[in-house]
Amino acid sequence: MKQTLFGYIFAYSKRQQIILIVLTFAAFPFIYFQAELPKRIVNGAIQGRPADFPKEFYGYEFEHLPYLFVLCGLFLLLVLINGGFKYVLNVMKGRLGERMLRRLRYILYERILRFPLPHFRRVSQGELIPMVTQEVEPLGGFFGDALALPLYQGGILVTLLVFILMQDPWLGLAAVALFPIQGVLVPRLQKKVNQLAKQRVQNIRILSDQLGESISGISEIHTNDSSQYQLSRFSHRLGIIYEIRYEIFRRKFFIKFFNNFLAQFTPFLFYSLGGYLAITGNLSVGALIAVISAHKDMNAPWKELLAYYQQLADARIKYDTVIQQFDPPGMMEPDLHATDDIPPSPFPGEAQIALRHVGLADDDGTVYLHNVNLAFGLDQRVAFVGPSGGGKEEIAPLLVRLIAPTSGRIQYGDDDLGTIPEARLGRRIGYVSAQPYLFSASIRENLLLALRTHPPAEVDESRRAWIAEAETAGNSIFNLSGDWIHYEGAGLDGSADDLQRRLRQSVKDALLADDIYEFGLRGRIDGDAHPHLVESLLEVRAAFRERVAASGAGALIEPFDPERYNRNATFAENLLFGTPVGTTFDLENLGEHPYVRETLDRVGLTDDVVRIGRKVAETMVELFADIEPGHELMEQFSFIAAEDLPEFQALLGRIDRGGRGLAGLGEEDRSRLMSLPFRLIPARHRLDLLDDSLEERLLEARHSFAEHLPEDLKGAVAFFDPERYNSAASIQDNILFGKVAYGQPQGAAKVRALVGEVLNESGLHDSILDVGLEYHVGVAGGRLSAVQRQKLAFARALAKQPDLLVVNQALSVFDESMRGKVFASILEAQAPRGVVAVLDQPDQAQAMQRIFTIEGGRVEAESAGAAPITKAAE
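Residues numbered from 1 in each chain as written. Predicted model: local features only at pLDDT ≥ 70, side-chain atom pairs only at ≥ 80, totals over all residues. Heavy atoms only, no water.

**Things to note about the sheet that holds strand E7 (residues 415–416)**
The strands that make up a sheet pair up through hydrogen bonds in the backbone, lying either parallel or antiparallel. Taken in spatial order, the four strands line up as E4-E3-E6-E7 in an open sheet, and their pairing is antiparallel. Taken across any chain shown, the strands that pair with only one partner, and hence form the sheet edges, are strand E4 (367–377) and E7. Looking at chain direction, strand E6 (residues 407–412) and E7 are connected through two bridges and run antiparallel. Along E7, the bridge assignment pairs Tyr 412 with Asp 415. (Pairing = 2+ DSSP bridges. Helix = DSSP H or I, 4+ residues; strand = E, 2+ residues; numbered from the N terminus.)

Laid out in structure tokens, this is it:
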């Protein structure tokens, strides 16, 4: 990475900068003629004597007025030409700047990917992210201006100065008399501002880091009552930044004041000296006007040059402070990080992994491993055990080159680990740590991360321009939406079915299939996109209904019937008799929708709903007024949030005080009451608020709702139909086509078991599993439990069928019974390929062929099973 700002600019934009310079110099003659023309217009055309005409101009003769109009037309043409030069130069500079900024960010990100792992213990993401995103942003504007702006603006300045000198040397000297003063004083004043700017950047980084720490450690802040301390810490840093910014303002605006004063002092010289010369007849009025006009035009380029100097100083600071953080010692060599076009060959099973005199220490001198010598076969099952902190924790990251030994070497067969390309190591070696990271995507996308290792070779002709621009900016040109799966390397035949089978098998091997199956049941599918699966699920719905009837479990399910009120569904679900699509008919706010209100009015149910809402409110207030917020009963049965209870208490009081009952309520209060019955489930809440007569009228409202639904709302609800699949509902809800009855012992579990039986018999288990693979894991896997995240990490590693699987204390999250099952399943799935496991519990190593005990940074013993067989040699 180039160490200086201009080194970077010349290295990656030399050709474009030369083109800008050529265009810049081409503009100067036109600028000169534009400055010259006003004098000719005033002296030659406006003040010209009739006797001087016709006048020759570039070989043509013109009378008085035509001469004036020709000069004015030429002036206008020059204005357009000079404006055109500015437009072209600005567009080219802007494009060049953005291209260079794109390259710089790409370089910084690429270097982050090559950082040695220990470097992330010293530099947090709170510091790195602002550097790549915010701090380098101003550099984009500077890259384009780096050479073109000083040359262009300086050239304009010199051109105008030459013009003024041509008119009168004394006025020319007056025009530049103060430039040396500014040239000496401004840089000195600016130097202190630059130092303050550097301090500000460093303090902003610390502030970002503190902010990131607070977000990551929010649980610790709350549980340790350290909010006030953190606020004080944040305030202290804000105070430092405030003081620096205030000092910058003072100095920066003094420089501006100084420049403005000097800029206005020069016109004083023109008016006094130029006026004297004009009065004494030593200078024409036209020349004086042209000089004043030219000097006025000089202000803009001079200000641009001063601003450029400040921008240059700022850009240098930003560039220097950024690149210092992106050049840590121990970075991975670019050649190892680069991809290749040749499929990486597997490591031979008979190859040995050998650690030769390996030592490991950190920057503080703490030694983790001393002169470790050992070797084992790539196809063996090897365990590392020992006390915590004894050195076993460093073995696994050393074997996959996440960290590099500070002495000695590690060999994979004949290859030194430090020279093996990542394209081979990453595709052939699997690694699972105790804290795996999941990307914010679906389970399937996280699994494919292990297989998307081969950039697509095909070229999309429609992307030619995009590729050309990416190449110019030094960015990756590979098509993100292409097929990145390395089928051959992963042992796949290249078909989508084979890939899907591999993903299913990997989650089964990691004992994650049951969880994903549950996700699949709760998942939704597009009926139009999966017609065969929909047809099968409708058959499953019928089979499930028969199975329920045959098993005498009919009481567990209350099916949806267009002509019956479902007492295990909410009032809202009974009214819609369908599933909302989108947010138009959101069940939580259904009572506020105008069409729903219109439907209730149409069948005369509005007053009844308000009346039921009043009774619900009275019951809730009576039952939960004295219960603490967050109580389990309130969470399960209350229609009203704890914080809203006082408002409903006051609302009920207004009904009683007015003497007019519900009729005296305002529209807002009626809406609040109407919102309550839509959550009512008769079988669950048992409030006896709906009798048969009211249910009949609600069925009437159901039919009216569907019959009169406006055309523009027809896509907002997917109605229940016994003969059709509902794409807006989950797979399980489509199979049930009804509601699990409340009050049935173990009802939900029994229903789930029946659904599982029918699906297994139908052969749709894997199809449901495929739907479950589309489950989104949330940010960093936040929607999964810790156990599920760890199983998914194992599944991801197994999906590529690595030559060697390295497990680094990744079993600690499981309880004792689950730990053994998961490990046994993984060992079976990985056979006959090798496994290296760093284990917390020695008894977990019984299934391993070789066990190394690491203690005090040394190999103290080697065992097979539980019996020590030899003392490891140093």
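**What to know about the packing of helix H17 (residues 513–522) against helix H28 (residues 747–762)**
Where H17 contacts H28, the axes come no closer than 13 Å and their chain directions differ by 95°. With respect to H28, the axis of H17 lies roughly perpendicular. Together, Tyr 517, Glu 518 and Leu 521 of H17 and Arg 752, Val 755, Gly 756 and Leu 759 of H28 make up the contact between the two elements. Among the residues forming the contact of H17 with H28, the class breakdown is four nonpolar, one polar and two charged. (Axes fitted to C-alpha atoms, helices over the stretch in contact; angles between N-to-C directions. Parallel < 35°, antiparallel > 145°, perpendicular 65-115°, else oblique. Contact = heavy atoms within 4.5 Å. Nonpolar A, V, L, I, M, F, W, Y, C, P; charged D, E, K, R; others polar.)

**Comments concerning unusual backbone geometry**
It is generally the case that most residues other than glycine have a negative phi and that most peptide bonds are trans. Residue Pro 832 follows Ala 831 across a cis peptide bond; omega there is 5°. Tracing the backbone shows Pro 832 in the loop between helix H31 (816–830) and strand E14 (834–838). The phi dihedral of Arg 401 falls on the positive side, at around 65°, and the residue is not glycine. The phi torsion at Arg 686 lies on the positive side, around 50°, for a residue other than glycine. Within the element layout of this structure, Arg 686 appears in the loop between helix H25 (682–685) and helix H26 (692–707). We classify Arg 686 as exposed; its relative accessible area is 59%. (Buried < 20%, exposed > 50% of the residue type's maximum accessible area, 1.4 Å probe, protein only.)

**Regarding a positive patch on the surface**
A contiguous patch of positive charge on the surface is contributed by Arg 245, Lys 252, Lys 256 and Lys 303. Counting residues per element, the positive patch draws most heavily on helix H9 (residues 227–279), at three residues. Mapped onto the elements, Lys 252 comes out in helix H9. Overall, Lys 252 belongs to the partly exposed group, its relative accessible area being 42%. (Patch = residues over 30% accessible without salt bridge, like charges linked within 9 Å, V, L, I, M, F, W, Y side chains within 5 Å. Areas by Shrake-Rupley, 256 points an atom, 1.4 Å probe, with all protein chains shown as cover. Salt bridge = Lys/Arg side-chain N within 4 Å of Asp/Glu carboxyl O. Lys, Arg positive; Asp, Glu negative; His and termini not counted. Charge placed at Lys NZ, Arg CZ, Asp CG, Glu CD.)

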